[in-house]
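Analysis of the macromolecular model
What follows is the residue order along each chain.
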Amino acid sequence: MAKRGLLNQIVGDLSVPDSSPFAKLLDSYIQSKSLLDIRRLHARIIKSHFASETFILNRLIDAFGKCGSLEDARKVFDKMPQRNIFSWNSVITALTKLGFVDEATGIFGSMPEQDQCSWNSIISGFAQQDRFEESLYYFVRMHREDFVLNEYSFGSALSACSGLKDMRIGTQIHALISKTRFFSNVYMGSALVDMYGKCGCVSCGQRAFNDMSERNRVSWNSLITCYEQNGPASAALEVFLRMMDCGIEPDELTFASVVSACASLSAIKEGRQIHARVVKCNKLRDDLVLCNALVDMYAKCSRINEARCVFDRMPVRNVVSETSMVSGYAKAASVKTARLMFTKMMERNIVSWNALIAGYTQNGEDEEALRLFLLLKRDSVCPTHYTFGNLLNGCANLADLQLGRQAHAHVLKHGFCFQFGEESIFVGNSLIDMYMKCGSVEDGDQVFKNMMERDWVSWNAMIVGYAQNGYGNKALELFKNMLVSREKPDHVTMIGVLCACSHAGLVEEGRHYFSSMSKEHGLVPLKDHYTCMVDLLGRAGCLMEAKNLIETMPIKPDAVVWGSLLGACKIHHDITLGKYVAEKLLEIDPSNSGPYVLLSNMYAELGRWGDVVRIRKLMRKQGVIKQPGCSWIEIQGHVSVFMVKDKRHPQRKEIYSVLNTLIKQMKRAGYIPDVGDQEAYEKESESELALSYNWNLPPSAAVG
């Protein structure tokens, strides 16, 4: 009513003393976002004697800009008979807020003079458009030209540093802030915590938070997010509890970050407690971001039914909600359900594709992951570094070098040239892993050498790859180079080093590196490291030392550790220790056929056929069945998997004919079966080798 009365007063009386009634109406129209009313008022102003007044025209530019009509704002600006600094700033602000930063920069350059507001608008405009380098460029220029920096200048510059993850410049800006009156400003403190968090420096973020004399909800949220994104995630929960103790009421962003921290920790109990609190709050119960975080948390904690329950109750869903469910079903080994949900999605993004591709590789369905990548390409979806990581993982699992090389070609086509940046490092590491698992050590080595920037995963992939492919000395040489480059080894590194020593027969070196884990690198040996040492000692014939190492382990030995020693006992014909180790293995897993078979073969090597028969009878009595081994061969994209005592291959007659011909030729050449290996003797005497199933890869499954 008051607005209508003021409008009637202006319409009825064109001789109002000043333009303040027009300004008041413009303010009310800005609040209601009423562009039509602003245009009507503009028409009224043109008919009044304020048509050329700079003040009201500046307000009109501002109003048009805030209501999204850049064309109207620009017309008013262009027709102004006189402009002042506020006229220029108003049109620059309108342009930057609507995303026309380059036009704003042009006007900024043509200004007779700039002030603090002009500079801040340009700096903020570039930062809001994710053009962070240009934002910092104008910030530096503003400082050099001796304009006073204020909280808006610093805030935009810190936002740009966050976007670039440039802690060097961020720290310099922090130093500048510390010399101003804004050092204790809660807004500045929160921006600093956020910047350090996005740059990955948790300690600096915590220090900036500690330096704040006053904190608000934004400050606490920034610190919680800092820990949630960089770890340790448990610290995010601790900060949340401190926030509650300080009487700060959490909002949807707080809860979303805390729920994400619970997901990282698989802390289902704490996650449920947060969920219970959210459900009690009408304002938060249906918040899209928070509900998405809850779906993701339950999915990552393998509570797929609870995730589905939250998902089904959401009044509004988006691609993030559906992608979380796809990922959850895939991780719960329900890949068919994940695929069904993926197919029904109205909107998909690359994250959705990645979630399903990752699901297939994680569940061993690598061929389907490759087929899905082809569909992604046909849909013209641009793959990311994560897509290529999963694709290369699938090729590595299949040990298919040809497909791996085709995938590498795609990587290069999409611009991953292994220069700098986390994404290039991630893809480079995936390539090294793929080539090493496919046995192409030279290609893996070349990728490693081409990488301009490496991380500890790069070194580990090479060291483990060399070790697994029998290049023990090269692995140890690379480990020394890793230490020289000041890259800190971890548990995976040391597994590669110990495996390398084992394959190269370097017993003393192995003992030294095992001892150095705790003494030099601060690493406590895990079960896998003990297994490597047992394998190393066993290969070298140090069987009693290996046995003593197992029995003095601080961790309870498992079947893998004892199995390694049993294999060594067979190699070195130590039947007494072999029997003892086999008993230990059967205590752990009585249904495992491995110890029975190895012990039987050891007796056979010694000609103790009575014991061989006894072991075989014991196996039958215990209901232990030996799983048959299998092998496969790929010919023109067609993979055949062979197993013992199976006659389902369509070309079985031809296979047996060739096999029998080979056996006859071998016998004529003087081949005598090794009767010590009972299993091999049985296979050869039966001469039964057939195909279990055909594994058909259509030509389209090739990555191309």
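Residues numbered from 1 in each chain as written. Predicted model: local features only at pLDDT ≥ 70, side-chain atom pairs only at ≥ 80, totals over all residues. Heavy atoms only, no water.

**Here's the deal with the overall build of the protein chain**
When its secondary structure is counted, the protein chain shows 40 helices and three strands. Expected size for 704 residues packed as a compact globule is a radius of gyration near 27 Å; at 35 Å, the protein chain overshoots this value by more than 25%. Structurally, the protein chain occupies a C-alpha span of about 120 × 60 × 50 Å along its principal axes. Considering only contacts within the protein chain whose residues lie at least 6 apart along the sequence, 60% involve residues at least 24 apart. As displayed, the protein chain offers around 35,700 Å² of accessible surface, 53% of which is attributable to carbon and sulfur atoms. Positive and negative side-chain charges of the protein chain, numbering 80 and 78 respectively, have mean locations separated by a distance of 4 Å. (Helix = DSSP H or I, 4+ residues; strand = E, 2+ residues; numbered from the N terminus. Rg over C-alpha atoms; globule rule 2.2 N^0.38 Å. Contact = heavy atoms within 4.5 Å. Areas by Shrake-Rupley, 256 points an atom, 1.4 Å probe, with all protein chains shown as cover. Lys, Arg positive; Asp, Glu negative; His and termini not counted. Charge placed at Lys NZ, Arg CZ, Asp CG, Glu CD.)

**Considering the packing of helix H12 (residues 186-198) against helix H14 (residues 217-230)**
Where H12 contacts H14, the axes come no closer than 9 Å and their chain directions differ by 5°. Taken together, the axes of H12 and H14 lie roughly parallel to each other. Contact residues: H12 offers Val186, Ser190, Val193, Asp194 and Gly197, while H14 offers Val218, Ser219, Ser222, Leu223, Cys226 and Asn230. (Axes fitted to C-alpha atoms, helices over the stretch in contact; angles between N-to-C directions. Parallel < 35°, antiparallel > 145°, perpendicular 65-115°, else oblique.)

**Quick notes on unusual backbone geometry**
Between Gly231 and the following residue, Pro232, the backbone shows a cis peptide bond with an omega angle of -5°. With respect to the secondary-structure elements, Pro232 resides in the loop between H14 and helix H15 (233-245). Phi is positive for Ser302, which is not a glycine, with a value near 60°. Within the secondary structure layout, Ser302 lies in the loop between helix H19 (288-300) and helix H20 (304-313).

**Some remarks on the pairing of strand S2 (residues 638-644)**
Counting buried residues in S2 gives five out of seven residues, a clear majority hidden from the surface. In the sheet, strand S1 (residues 630-635) pairs with S2 via six bridges, with the strands oriented antiparallel. For Ser631, the partnering residue across the bridge sits in S2 and is Phe642. (Buried < 20%, exposed > 50% of the residue type's maximum accessible area, 1.4 Å probe, protein only. Pairing = 2+ DSSP bridges.)

**What to know about the pattern of salt bridges**
Inspection of the entire model under this criterion finds 30 salt bridges. A salt bridge links Arg59 to Asp27, with the nearest nitrogen and oxygen atoms 2.4 Å apart. Here Asp27 lies in helix H2 (residues 20-32) and Arg59 lies in helix H4 (residues 54-66), a separation of 32 residues in the sequence. Overall, Asp27 belongs to the partly exposed group, its relative accessible area being 34%. A salt bridge links Arg39 to Asp72; the nearest nitrogen and oxygen atoms lie 2.8 Å apart. (Salt bridge = Lys/Arg side-chain N within 4 Å of Asp/Glu carboxyl O.)

**A word on helix H30 (residues 472-484)**
For H30, spanning 13 residues, the distance from its first C-alpha to its last is 19 Å, which sits close to the expected 18 Å at 1.5 Å a residue. Gly472, Ala475, Leu476, Leu478, Phe479 and Met482 are the residues of H30 that are buried. Across the axial projection of H30, the buried residues extend over an arc of 160°, all falling on one side. The outward face of H30, more than 90 degrees from its buried face, is lined by the exposed residues Asn473, Glu477 and Val484. On the buried face of H30, the contacting elements are helix H28 (441-450), helix H29 (456-468), helix H31 (491-504) and helix H32 (507-520). Once H30 ends, the next one or two residues include Arg486, with phi positive near 65°. (Expected span 1.5 Å × (residues − 1). Arc of directions from axis to C-beta.)

**Structural notes on the side chain of Ser34**
With respect to the element layout, Ser34 can be found in the loop between H2 and helix H3 (35-47). A residue is classified by how much of its surface remains accessible, and Ser34, at 16% relative accessible area, is buried. Aside from chain neighbours lying at most four places away, what touches Ser34 is Tyr29 and Cys67.

**Quick word on the packing of aromatic side chains**
Per the stated rule, a full pass over the model turns up 20 aromatic pairs. With 4.9 Å between their ring centres and 80° between their planes, Phe342 and Trp353 make a pair best called edge-to-face. Placement of Phe342 in helix H22 (residues 335-344) and of Trp353 in helix H23 (residues 350-362) is noted, with a sequence separation of eleven residues between them. Judged by relative accessible area, which is 3%, Phe342 ranks as buried. (Phe/Tyr/Trp six-rings, centres within 6.5 Å; stacked < 30°, edge-to-face > 60°.)

**Structural notes on the nonpolar core**
For soluble globular proteins, the rule of thumb is that nonpolar side chains tend to be buried together. Ile173, Met297 and Leu565 are the most contacted members of the largest nonpolar core, which has 200 residues in total. The element best represented in this core is H19, accounting for eight residues. The residues contacting Leu565, other than those within four sequence positions of it, are Val534, Leu543, Ala546, Lys547, Ile550 and Val581. (Core = buried A, V, L, I, M, F, W, Y, C linked by side-chain atoms within 4.5 Å.)

**Brief notes about the environment of Leu57**
Relative to the assigned elements, Leu57 resides in helix H4. Residues Leu57 and Ile45, spaced twelve residues apart in sequence, show a C-alpha to C-alpha distance of 9.0 Å. Residues in contact with Leu57, not counting those within four places in the same chain, are Ala51, Ser52, Val76, Met80 and Pro81.

**So, the environment of Thr361**
Along the chain, the position of Thr361 falls in helix H23. Since its relative accessible area comes to 6%, Thr361 is described here as buried. Residues Thr361 and Leu392, spaced 31 residues apart in sequence, show a C-alpha to C-alpha distance of 9.8 Å. If we ignore the near neighbours within four places in the chain, the residues touching Thr361 are Asp366, Ala369, Asn390, Asn393, Gly394 and Asn397.

**Some thoughts on the confidence of the model for the protein chain**
In the predicted model, the protein chain carries a mean pLDDT of 87, and the fraction of residues at 70 or more is 92%. Scored below 50 in pLDDT, residues 678-704 makes 87 contacts in the model with residues more than four places away or belonging to other chains. (pLDDT = per-residue confidence, 0-100.)

**Brief notes about the packing of H23 against helix H25 (residues 385-398)**
Where H23 contacts H25, the two axes come as close as 9 Å, and the packing angle between them is 20°. In terms of orientation, H23 lies roughly parallel with respect to H25. The interaxial crossing formed by H23 with H25 has left-handed handedness. Across the interface between the two elements, Ile350, Asn354, Ile357, Ala358 and Thr361 of H23 pack against Tyr386, Thr387, Asn390, Asn393, Gly394 and Asn397 of H25. A breakdown of the residues in the contact of H23 with H25 according to their chemical character gives four nonpolar, seven polar and no charged. (Left-handed = near helix turned anticlockwise from the far one by under 90°. Nonpolar A, V, L, I, M, F, W, Y, C, P; charged D, E, K, R; others polar.)

**Some remarks on helix H17 (residues 268-279)**
The periodicity of an α-helix, 3.6 residues per turn, causes residues three or four places apart in sequence to face the same way. Taking 1.5 Å of rise per residue, the twelve residues of H17 would be expected to cover 16 Å, and the 16 Å separating its terminal C-alpha atoms lies within 8% of that figure. Of the residues making up H17, those classed as buried are Ile268, Gly271, Ile274, His275 and Val278. Buried residues in H17, looked at end-on, bunch into an arc of 120°, giving them a common side. Residues of H17 that are buried in the fold lie against H15, helix H16 (252-265), helix H18 (282-285), H19 and H20.

**With respect to the environment of Met325**
Relative to the helices and strands, Met325 resides in helix H21 (residues 319-331). Sequence separation between Met325 and Asn292 is 33 residues, and the spatial gap between their C-alpha atoms is 9.5 Å. The contacts of Met325, once residues within four sequence positions are left out, are Val295, Ile304, Ala307, Arg308, Phe311 and Met341.

**Concerning the state of the cysteines**
Taken as a whole and judged by the stated rule, the model has zero disulfides. Summary of cysteine pairing: Cys246 is not part of a disulfide, and the nearest cysteine sulfur, belonging to Cys226, is at 17 Å. (Disulfide = S-S within 2.5 Å.)

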